[in-house]
Amino acid sequence: MPLALALLLLLLGLRAPGARGCLQCDPSVQEALSQLRLALVPKRFLQEQLRVRARALLLGMEGPFFRDYALNAFVGKVGIDHLKHVVSFIKNQTGHLMVNSLRDEPLLEELVAVRERVLKELKKGLKLYKVKACNHRTCHLMKEVVLDCLHCQKISPSCIKRKYCFADRQPRMNLQYEKGHGYQQNPAVFGGTVSVFLAVLAFGVIVASAVTYRQNRKLLLQ
């Protein structure tokens, strides 16, 4: 009973609005990945540690992995035509894994390689849209329907704000383009200033120590 409840909650979570992204917007991809996980884990992983890692990797592919990549590294939109190609590609990859004879660590390495290959194919579409949408001379001429990877909705393409064209949307990457404190704009200058200050402070301590030593010496000689 607890296992059945956990599976039900997992399925509800995957179908919830915003819980899917790009590849997961296609039910056939979800089905292919789910069948792959059930076929490989635990039947072809005898070692518990490898079994846990394989399950986590496959659940990540079913869940937020591709969505997070699309939203954090790009702007989360991809052309429908290219996405169809990626869907076909991942189905072929999962079909190959179902029939091969790999087990344990070699199989886990192949799973990682497959995820990387799928990611590269998806990246082509995400990057293509971003490049087109960042070209403000021609972006308004785009007519291809695209998919919003966060909401799984087909939308019309639109121009991207320039601040998203030269950095990804992760705050740690945007810091280098923000206008704020001086040390954020030029960390080399800030570091140099700190080094000079510490050197002057150290020199002052040495001079003060020398003066104190001489005064004490005079007192002892008197």
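Before reading further, recall that the structure is shown in the block above.
What you are looking at is a predicted structure, and each value in this text was computed from that prediction instead of being measured. (Residues numbered from 1 in each chain as written. Predicted model: local features only at pLDDT ≥ 70, side-chain atom pairs only at ≥ 80, totals over all residues. Heavy atoms only, no water.)

Q: Could you clarify how one ought to interpret the pattern of salt bridges in this entry?
A: If charged atoms from side chains of opposite charge come close, those side chains can pair. According to the stated counting rule, one finds five salt bridges in the structure shown. The closest approach of N and O atoms between Glu121 and Lys124, which form a salt bridge, is 3.3 Å. A residue pair is termed a helical-turn pair when its members lie 3 or 4 positions apart in one helix, as Glu121 and Lys124 do in helix 6 (residues 104-134) at three residues. We classify Glu121 as buried; its relative accessible area is 14%. Accessibility expressed as a relative area gives 49% for Lys124, which makes it partly exposed. (Salt bridge = Lys/Arg side-chain N within 4 Å of Asp/Glu carboxyl O. Helix = DSSP H or I, 4+ residues; strand = E, 2+ residues; numbered from the N terminus. Buried < 20%, exposed > 50% of the residue type's maximum accessible area, 1.4 Å probe, protein only.)

Q: What is the right way to look at the sheet that holds strand 2 (residues 146-148) in this model?
A: Where strands meet in a sheet, backbone hydrogen bonds hold them as pairs that are either parallel or antiparallel. Read from one edge to the other, the open sheet built from three strands follows the order 1-2-3, with strand pairing classed as antiparallel. The open sheet terminates on both sides in strands that have one partner only, identified here as strand 1 (77-79) and strand 3 (153-155). Taken pair by pair, the neighbouring strands of this sheet meet at an average axis angle of 35°, ignoring direction. Each of strand 1, strand 2 and strand 3 is contacted by helix 5 (residues 80-99), which is oriented at about 85° to strand 1, the strand it contacts most. (Pairing = 2+ DSSP bridges. Axes fitted to C-alpha atoms, helices over the stretch in contact; angles between N-to-C directions. Contact = heavy atoms within 4.5 Å.)

Q: Can you walk me through the packing of aromatic side chains in this structure?
A: Two numbers describe a pair of aromatic rings. These are the distance of the centres and the angle of the planes. Overall, the coordinates contain two aromatic pairs when judged by the stated rule. Between Phe65 and Phe66, the ring centres sit 5.2 Å apart and the planes meet at 80°, which makes this aromatic pair edge-to-face. A residue is classified by how much of its surface remains accessible, and Phe65, at 26% relative accessible area, is partly exposed. For Arg115, the ring lying beneath its charged end belongs to Phe65, and the centroid distance is 4.5 Å. (Phe/Tyr/Trp six-rings, centres within 6.5 Å; stacked < 30°, edge-to-face > 60°. Lys NZ or Arg CZ within 6 Å of the ring centre and 35° of its normal.)

Q: Mind showing me how you'd approach helix 4 (residues 65-73) here?
A: Given 3.6 residues per helical turn, the α-helix brings residues three or four places apart onto the same face. Buried within helix 4 are the following residues: Phe66, Arg67, Ala70 and Leu71. Buried residues of helix 4, viewed axially, fall in a sector of 125°; they line one side. Elements in contact with the buried residues of helix 4: helix 3 (48-62) and helix 6. (Arc of directions from axis to C-beta.)

Q: In this structure, what is going on with the nonpolar core? I would like to understand it.
A: When a protein is soluble and globular, its nonpolar side chains tend to lie buried together. Membership of the largest hydrophobic core comes to 35 residues, with the highest contact counts inside it found for Leu23, Phe45, Leu111 and Val118. Elements supplying a minimum of two residues to this core: helix 2 (27-40), helix 3, helix 4, helix 5 and helix 6. Looking at this core element by element, the count peaks at eight residues for helix 6. Beyond its immediate chain neighbours, meaning those up to four positions away, Leu111 contacts Leu36, Leu40, Phe45, Ala54, Leu57, Leu58 and Leu97. By size, the runner-up hydrophobic cluster in this structure holds nine residues, among which are Cys134, Met142, Val146 and Cys165. (Core = buried A, V, L, I, M, F, W, Y, C linked by side-chain atoms within 4.5 Å.)

Q: How should the side chain of Gln93 be read in this particular structure?
A: Tracing the backbone shows Gln93 in helix 5. Overall, the relative accessible area of 15% leaves Gln93 in the buried class. Residue contacts for Gln93: discarding those within four places in its chain leaves Val114 and Arg117.

Without other data, these values stay purely geometric and don't point to any function.
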